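Working through the structure, step by step
The residues making up each chain are set out below.
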Amino acid sequence: SQTIHQWPATLVQPVGSPLSLECTVEGTSNPNLYWYRQAAGRGLQLLFYSVGIGQISSEVPQNLSASRPQDRQFILSSKKLLLSDSGFYLCAWSLDGGFYEQYFGPGTRLTVT
Amino acid sequence: DQQVKQNSPSLSVQEGRISILNCDYTNSMFDYFLWYKKYPAEGPTFLISISSIKDKNEDGRFTVFLNKSAKHLSLHIVPSQPGDSAVYFCAASETQKLVFGQGTRLTINP
């Protein structure tokens, strides 16, 4: 069966510091991978998605970036965090060729102080 | 421009009764619709989905209805149980992406 991991679970970072959140998927090959953010009281906002190694599509211009160095690894980064980057970050995967059901990881609660 | 809208931020239902969660969309190109359930501090879990070629899909206590002419879908939960208390998101598929609504917080009262 497939499993998705995210870490860390919680993170408190000062403004201006860098960020690296990691997501890995087990039990499937060539998944589509996604990064979402849920701000307080808001819905899920798609940040990035990837259909293969090195292929990243950005949905929202911001100071975040994403990379996919390996087939089942997806990384969300920032060089300098802003207060507005606080939120709940979720990684998700879906089957290659099937762009419908997405399966989410446990999430990372990021607080920028 | 919000393409998927859940106009009720919250809903309170008595245990054993029916819960009806609603969702509206504007993009007629959406061809697949999904409902997710989310507990606090956890990732959303997939509940049920429906293709645009159908108007109803049922899975146990959960039924999703799609009215394409009205661009409206709803999730029915019967009977409602305390464990159903969560935030429910509807989502619509557009090529490789899902577009989510803002969510509805469902509270089941004993």
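Up top is the structure these notes are about.
Read on for an overview of the structure. (Residues numbered from 1 in each chain as written. Chains lettered and ligands numbered in written order. Predicted model: local features only at pLDDT ≥ 70, side-chain atom pairs only at ≥ 80, totals over all residues. Heavy atoms only, no water.)

This part is about the overall build of chain B. A count of helices and strands for chain B gives zero helices and eleven strands. A compact globule built from 110 residues should have a C-alpha radius of gyration of about 13 Å, and chain B, at 13 Å, falls within 12% of that. If you take every contact in chain B between residues at least 6 apart in sequence, the share linking residues at least 24 apart comes to 53%. (Helix = DSSP H or I, 4+ residues; strand = E, 2+ residues; numbered from the N terminus. Rg over C-alpha atoms; globule rule 2.2 N^0.38 Å. Contact = heavy atoms within 4.5 Å.)

Under the defined criterion, the tally for this structure stands at 16 aromatic pairs over all chains. Centre to centre, the rings of W93 of chain A and Y103 of chain A are 5.1 Å apart; their planes meet at 35°, and the pair counts as tilted. Pair noted here: W93 of chain A is in strand 9 (residues 87-94) and Y103 of chain A is in strand 10 (residues 103-104), with a separation of ten residues, a long-range link. Relative accessible area serves as the criterion here: at 4%, W93 of chain A is assigned to the buried category. Ring centres of F104 of chain A and Y36 of chain B lie 5.5 Å apart, and the angle between their planes is 90°; this geometry places the pair in the edge-to-face category. Taken together, the positions of F104 of chain A in strand 10 and Y36 of chain B in strand 4 (residues 32-38) put the pair across two chains. (Phe/Tyr/Trp six-rings, centres within 6.5 Å; stacked < 30°, edge-to-face > 60°. Buried < 20%, exposed > 50% of the residue type's maximum accessible area, 1.4 Å probe, protein only.)

A word on the state of the cysteines. Under the counting rule described, the total for this entry stands at two disulfides over all chains. The disulfide partner of C23 of chain A is C91 of chain A, and the S-S distance across this bridge is 2.0 Å. What sets the handedness of the C23 of chain A and C91 of chain A disulfide is the S-S torsion sign, and at about -75° it is left-handed. Here C23 of chain A, found in strand 3 (residues 19-26), pairs with C91 of chain A, found in strand 9; they are 68 residues apart in sequence, far enough to count as distant. Assigned by exposure class, C23 of chain A and C91 of chain A land together as buried. Disulfide partner of C23 of chain B: C90 of chain B, at an S-S distance of 1.9 Å. Looking along the S-S bond of the C23 of chain B-C90 of chain B disulfide, the torsion reads about 65°, which is the right-handed sense. One end of the pair, C23 of chain B, is in strand 3 (residues 19-25); the other, C90 of chain B, is in strand 9 (residues 86-94), and 67 residues separate them in sequence. Both residues of the pair, C23 of chain B and C90 of chain B, belong to the buried class. (Disulfide = S-S within 2.5 Å.)

This paragraph deals with the pattern of salt bridges. The tally for this structure, following the rule as stated, stands at four salt bridges over all chains. For K97 of chain B, the salt bridge is made with E59 of chain A, and the minimal N-O distance between the two is 3.3 Å. Taken together, the residues K97 of chain B in strand 10 (residues 97-100) and E59 of chain A in the loop between strand 6 (55-58) and strand 7 (64-70) connect one chain to another. (Salt bridge = Lys/Arg side-chain N within 4 Å of Asp/Glu carboxyl O.)

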